[in-house]
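# Overview (structure and organization)
Letter by letter, the chains look like this.
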Amino acid sequence: AQTVTQSQPEMSVQEAETVTLSCTYDTSESDYYLFWYKQPPSRQMILVIRQEAYKQQNATENRFSVNFQKAAKSFSLKISDSQLGDAAMYFCAYRSRSNTGKLIFGQGTTLQVKP
Amino acid sequence: NAGVTQTPKFQVLKTGQSMTLQCAQDMNHNSMYWYRQDPGMGLRLIYYSASEGTTDKGEVPNGYNVSRLNKREFSLRLESAAPSQTSVYFCASSEWGRVGAFFGQGTRLTVV
């Protein structure tokens, strides 16, 4: 069975600085997807970025980028130029390539952004 | 542009009471899911429906039942609520061959 681990329950960053959130996962599959979801206080789950395991290039979405290390089973999220609106809980998630689409989530990391 | 709609948003139940959480999506997705979110544990899959007419257990199915009423709707039922079912519940949907799930706003359920 696959597992996802986020070892940082809480992180903080100064506004305009850069922060990296860590995620490791365990799987015996070779083809899968990885995601970062943001959950602000509104409780809404927002997809931030996704990575396909067969792609070597790291995904980037504006100020958000990932460092995908397939051999190490590591998938970190880097937030550049942090903004107050980035304050939220962030979840790392794994999905097999099968059609069921089930997501396996990590425990979450709460990010605080200091003005 | 509703996406995934869950009702209710908040609910307080007494131990032993029953209730049904409703979920509907307007994106014509085949797959739908119910997750629960507990502090320090992320989201865990309760049940899912890969396509209309099918349902399967997830990681934490005990104490729940589901119904895939049609392609749009997927309900979660608690037959006899227990305090351990106090949680935030999320419904989600996704499409075959596409990546990423869309989530509803969540239901905060408290069982006293």
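Scroll up to find the structure this text is about.
Residues numbered from 1 in each chain as written. Chains lettered and ligands numbered in written order. Predicted model: local features only at pLDDT ≥ 70, side-chain atom pairs only at ≥ 80, totals over all residues. Heavy atoms only, no water.

## Thoughts on the interface of chain A and chain B
Rules: Whether two residues touch is decided by their heavy atoms; if any such pair falls within 4.5 Å, the residues are in contact. Accessible area that two parts lose when put together, evaluated with a 1.4 Å probe and summed over both, is termed the buried area. We count a salt bridge whenever a side-chain nitrogen from Lys or Arg sits within 4 Å of a carboxyl oxygen from Asp or Glu. Under the rule applied, a polar contact is a pair of N or O atoms within 3.5 Å (in protein, one hydrogen donor and one hydrogen acceptor; residues adjacent in sequence only if both atoms are side-chain atoms). The secondary structure listing takes helices from DSSP runs of H or I that are at least 4 residues long and strands from runs of E that are at least 2 residues long, numbered from the N terminus. Put simply, Ala, Val, Leu, Ile, Met, Phe, Trp, Tyr, Cys and Pro go in the nonpolar bin, Asp, Glu, Lys and Arg in the charged bin, and everything else, Gly too, in the polar bin.
Counting residues at the interface gives 21 residues for chain A and 27 residues for chain B. Taken together, the two surfaces of chain A and chain B that pack against each other cover about 1,900 Å², and 52% of this comes from carbon and sulfur. Inspection of the region where chain A meets chain B yields zero salt bridges. Along the contact surface separating chain A from chain B lie eight residue pairs in polar contact (both at pLDDT 80 or more). Broken down by secondary-structure element, the contributors of at least two residues to the side of chain A that touches chain B are β5 (32-39), β6 (46-52), β10 (88-96) and β11 (103-105) of chain A. Looking at the side of chain A that touches chain B, the element that brings in the most residues is β5 of chain A, giving four residues. Among the residues making up the side of chain A that touches chain B, the classes are represented as nine nonpolar, eight polar and four charged.

## Let's talk about the sheet that holds strand β1 (residues 4-7) of chain B
Residues and elements named next belong to chain B. Put simply, the rule reads: Between any two strands, pairing holds if DSSP finds at least two bridges. Helix axes use the C-alpha atoms of the stretch in contact, all axes being lines fitted to C-alpha atoms, and the angles between their N-to-C directions lie in the range 0 to 180 degrees.
The strand order across the open sheet formed by four strands is β1-β3-β8-β7, and the pairing between neighbours is antiparallel. Looking at the sheet topology across the chains shown, the edges are occupied by β1 and β7 (64-68). This sheet shows a mean twist of 15° between the axes of neighbouring strands, independent of strand direction. Sheet topology note: the β1/strand β3 (residues 19-25) ladder contains four bridges and is antiparallel. Considered in β3, the bridge of T5 is made with A24.

## Here's the deal with the pattern of salt bridges
Quick reminder of the rule: The rule is simple: take the accessible area with a 1.4 Å probe, protein chains only, and divide by the maximum for that residue type; under 20% is buried, over 50% is exposed, in between is partly exposed.
For the structure shown, the criterion picks out seven salt bridges over all chains. The salt bridge partner of D31 of chain A is R97 of chain A, with a shortest N-O separation of 3.1 Å. One end of the pair, D31 of chain A, is in the loop between β4 (24-26) and β5; the other, R97 of chain A, is in the loop between β10 and β11, and 66 residues separate them in sequence. Residue D31 of chain A is classed as partly exposed on the basis of its relative accessible area, which comes to 26%. On the accessibility criterion, R97 of chain A (36% relative accessible area) is partly exposed. Between D38 of chain B and R36 of chain B there is a salt bridge whose closest N-O contact spans 2.9 Å. Like D38 of chain B, the residue R36 of chain B is buried in the burial classification.

## Here we look at the state of the cysteines
All names here are of chain A. As a reminder of what qualifies: In this description, the term disulfide denotes a pair of cysteine sulfurs within 2.5 Å.
Summed over the entire model, instances satisfying the criterion amount to two disulfides over all chains. Covalent S-S linkage joins C23 and C92, the inter-sulfur distance amounting to 2.0 Å. One disulfide, between C23 and C92, carries an S-S torsion of -70° and so falls in the left-handed class. One end of the pair, C23, is in the loop between β3 (19-21) and β4; the other, C92, is in strand β10, and 69 residues separate them in sequence. Judged by its relative accessible area of 1%, C23 falls in the buried class. Owing to a relative accessible area of 0%, C92 belongs among the buried residues under this scheme.

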